[in-house]
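Working through the structure, step by step
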Amino acid sequence: MREQETFHPYTDDELEATTGEYELSERQALRRVPGLSTELTDITEVEYRQLRLERVVLVGVWTEGTQTDADNSLTELAALAETAGSQVLEGLIQRRHRPDPATYIGRGKVDDLGAVVLSTGADTIICDGELSPSQLRNLEQRTKVKVVDRTALILDIFAQHAKSKEGKAQVELAQLEYLLPRLRGWGETLSRQTGGSGRGGGAGGGVGLRGPGETKLETDRRRIRHRIARLRREIKSMATVRQTKRSRRTRNAVPAVAIAGYTNAGKSSLLNRLTGAGVLVENALFATLDPTTRRATTSDGRLYTLSDTVGFVRHLPHQIVEAFRSTLEEVADADLVVHVVDGTHPDPEEQVRAVREVLAEVGADRLPELLVVNKTDATDEETMLRLKRLWPDAVFVSAHSGRGIDELREAVERRLPRPAVEVRVVLPYDRGDLVARAHRQGEVLSTAHLPEGTLLHVRVGQGLAAELAPYRAGDRLTSDERVGAGR
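The following refers to the structure shown. Just so we're clear, the structure is a prediction, and the values are computed from it rather than from any experiment.

1. With respect to the overall build of the protein
For the protein, the helix and strand inventory stands at 17 helices and 15 strands. For the protein, the proportion of its 487 residues judged to be buried stands at 50%. A separation threshold of at least 6 residues defines the contact pool for the protein, and within that pool the share at least 24 residues apart is 70%. A total of about 23,700 Å² of accessible surface is found on the protein, and carbon and sulfur atoms cover 49% of it.

Set out below in structure tokens:
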């Protein structure tokens, strides 16, 4: 595993404020202790699986692609399991045309899996796919240990790492939508009831009207549906606040750049390196979930925003995509997507494909994209040459060492949308506010100081152009502009 990813864009005194050290220390202060028993927790009298992963065996089904693809997928599952706090003991891959509908890996292989679990002392099996409720039940009955699928594992990591109110609500929504079809009751009997119905009061009801009432399982399903509806309303209201902020930036003609990419590709490190945002940096999958937006300035003084987004992963659970849709809309509304790729990953092409797949789901595939290959300081020369041939227009950087960051800034600036309206204005010296806005929101082509005010030749957006219209300079000032521009 690579060393923890850090960088030093500022002085040592400022380092703590720019690498998220406080949050990292807080996260590492409480870790799972290996060797403790994993138990089922009874929540509202329904078997709810609380993920406390400890000693695990990984199981994958190889249905397509090469052996290397299958190995990479299981390696990624191991990294996810370790991020969740578990100890990986063994990894198994079963070659099949498709997963078995009853047991995922096939009835004949379940006994072999049970033997591996017994010999290693594992208490949990993690499957590299999303299992149906029947597959989960059958595997647990045969192996006598808890079974967790890839989706539940990712949801558990998200639950650990969510910090903001919106992030926690989004994760809870995704977990409940995953849990709802997987609730299990207490056997075939309907003896657990919330009460009968009919005349006579009490639980008995009247003649001919007595019945089993509502089972506890049905009650919990109803409660979960009500909670899901409430969370959706809360997230919708939070999305309105986010949309208001976006519309304010749009009204002020501030270009937006979204940093997207595979989890642990170094998005937060790049944001810190470019803006000093102080976002948590940790060599772990899904280390940061809550989006962070920071202001940045081009070399000619134009203002734009940089937003870090949640990391992606292959087969990202659809519950996560739906729950985080309001957050991912930050990408869809951007003017440019900076797509970060981990240059040290064994299969960076698959990373790019998985990210673009999710971007297409939220409507961001139509946006201009700048591909950025990160961690070049840890990438071998042969891989670098191959990636440069594969992506000739990509920018190769190292957020750790700072190499290539200036080239990245220049590439971002070149791709930012330029203001549409070109004007020449003479602004009175008491309208310094308009001069400042022209520098901040527009592209200043030349400037000069005349007796009656500041002469600006600028490109600005439609809104600011309308405000500058009363101060337009006629063509008669073109010669003055040429003389004054050099002052």
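2. Thoughts on the pattern of salt bridges
This structure, assessed with the given rule, holds 17 salt bridges. Between glutamate 130 and arginine 182 there is a salt bridge, with the nearest N and O atoms lying 3.3 Å from each other. Of this pair, glutamate 130 sits in the loop between β5 (124–127) and α5 (133–143) while arginine 182 sits in the loop between α7 (165–179) and α8 (216–251); the two residues are 52 residues apart in sequence, bridging distant segments of the chain. Residue class for arginine 182 comes out buried when judged on its relative accessible area of 13%. A salt bridge links arginine 386 to glutamate 349, with the shortest nitrogen-to-oxygen separation between them at 2.5 Å. Here glutamate 349 lies in helix α12 (residues 348–361) and arginine 386 lies in helix α13 (residues 381–390), a separation of 37 residues in the sequence. Residue arginine 386 is classed as partly exposed on the basis of its relative accessible area, which comes to 33%. Judged by relative accessible area, which is 30%, glutamate 349 ranks as partly exposed. Where salt bridges share partners, they join Glu76, Asp128 and Arg150 into one cluster.

3. Considerations on the packing of aromatic side chains
Tallying each qualifying case throughout the model produces 0 aromatic pairs. Its end group placed over the ring of tryptophan 62, arginine 95 keeps NZ or CZ at 4.0 Å from the ring centre. Over the ring of phenylalanine 396 we find lysine 388; its NZ or CZ atom is 5.5 Å from the centre of that ring.

4. Here we look at unusual backbone geometry
A positive phi is found at lysine 144, a non-glycine position, where the angle reads about 65 degrees. Following the sequence through the fold, lysine 144 ends up in the loop between α5 and β6 (146–149). Lysine 144 gets classed as exposed once you look at its relative accessible area, which sits at 68%.

5. Points about the sheet that holds strand β14 (residues 443–450)
With antiparallel pairing, the 3 strands of this open sheet are ordered in space as β13-β15-β14. Edge positions in the sheet fall to β13 (421–427) and β14, since each of these pairs with one other strand and no more. Taken over all neighbouring pairs, the strand axes of this sheet differ in orientation by 10 degrees on average, direction set aside. Where β13 lies against strand β15 (residues 453–460), 7 bridges are found, and the strand directions are antiparallel. Within β15, the residue paired with valine 421 across the bridge is valine 460.

6. With respect to the sheet that holds strand β10 (residues 336–342)
Taken together, the 6 strands give an open sheet; going across it, the order is β8-β9-β7-β10-β11-β12, and neighbouring strands pair in mixed fashion. Sheet topology places β8 (292–297) and β12 (395–396) at the edges, where each strand pairs with a single neighbour. By the bridge criterion, 4 bridges tie strand β7 (residues 256–261) to strand β9 (residues 303–308) in an arrangement that is parallel. Across the sheet, residue alanine 256 finds its bridge partner in β9, namely threonine 305. Contacts between α12 and the sheet are confined to β7, β10 and β11 (369–374), with β10 contributing the most and set at about 150 degrees to the helix.

7. Looking at the nonpolar core
Formed by 94 residues in total, the largest nonpolar core has its most connected members in Phe312, Val338, Leu370, Leu408 and Val412. Broken down by element, this core gets its largest block of residues, 7 residues, from α7.

8. Quick word on the pairing of β6
What you see with β6 is no split at all: Lys146 and Val148 on one side and Val147 and Asp149 on the other are buried throughout. The pairing of β5 with β6 spans 4 bridges and is classified as parallel. In the strand pairing of β6, cysteine 127 is matched with aspartate 149. Handedness of the β5-α5-β6 crossover: right-handed.

9. Side note on the environment of threonine 151
The topology assignment puts threonine 151 in helix α6 (residues 150–161). On a C-alpha basis, the gap between threonine 151 and isoleucine 320 in space is 9.1 Å, while along the polypeptide they are 169 residues apart. Those residues in contact with threonine 151 that sit more than four places away from it in its chain are Gly129, Glu130, Tyr178, Pro317 and Gln319.

What counts and what doesn't
- Residues numbered from 1 in each chain as written.
- Predicted model: local features only at pLDDT ≥ 70, side-chain atom pairs only at ≥ 80, totals over all residues.
- Heavy atoms only, no water.
- Helix = DSSP H or I, 4+ residues; strand = E, 2+ residues; numbered from the N terminus.
- Buried < 20%, exposed > 50% of the residue type's maximum accessible area, 1.4 Å probe, protein only.
- Contact = heavy atoms within 4.5 Å.
- Areas by Shrake-Rupley, 256 points an atom, 1.4 Å probe, with all protein chains shown as cover.
- Salt bridge = Lys/Arg side-chain N within 4 Å of Asp/Glu carboxyl O.
- Phe/Tyr/Trp six-rings, centres within 6.5 Å; stacked < 30°, edge-to-face > 60°.
- Lys NZ or Arg CZ within 6 Å of the ring centre and 35° of its normal.
- Pairing = 2+ DSSP bridges.
- Axes fitted to C-alpha atoms, helices over the stretch in contact; angles between N-to-C directions.
- Core = buried A, V, L, I, M, F, W, Y, C linked by side-chain atoms within 4.5 Å.
- Right-handed = clockwise from strand over helix to strand, strands pointing away.

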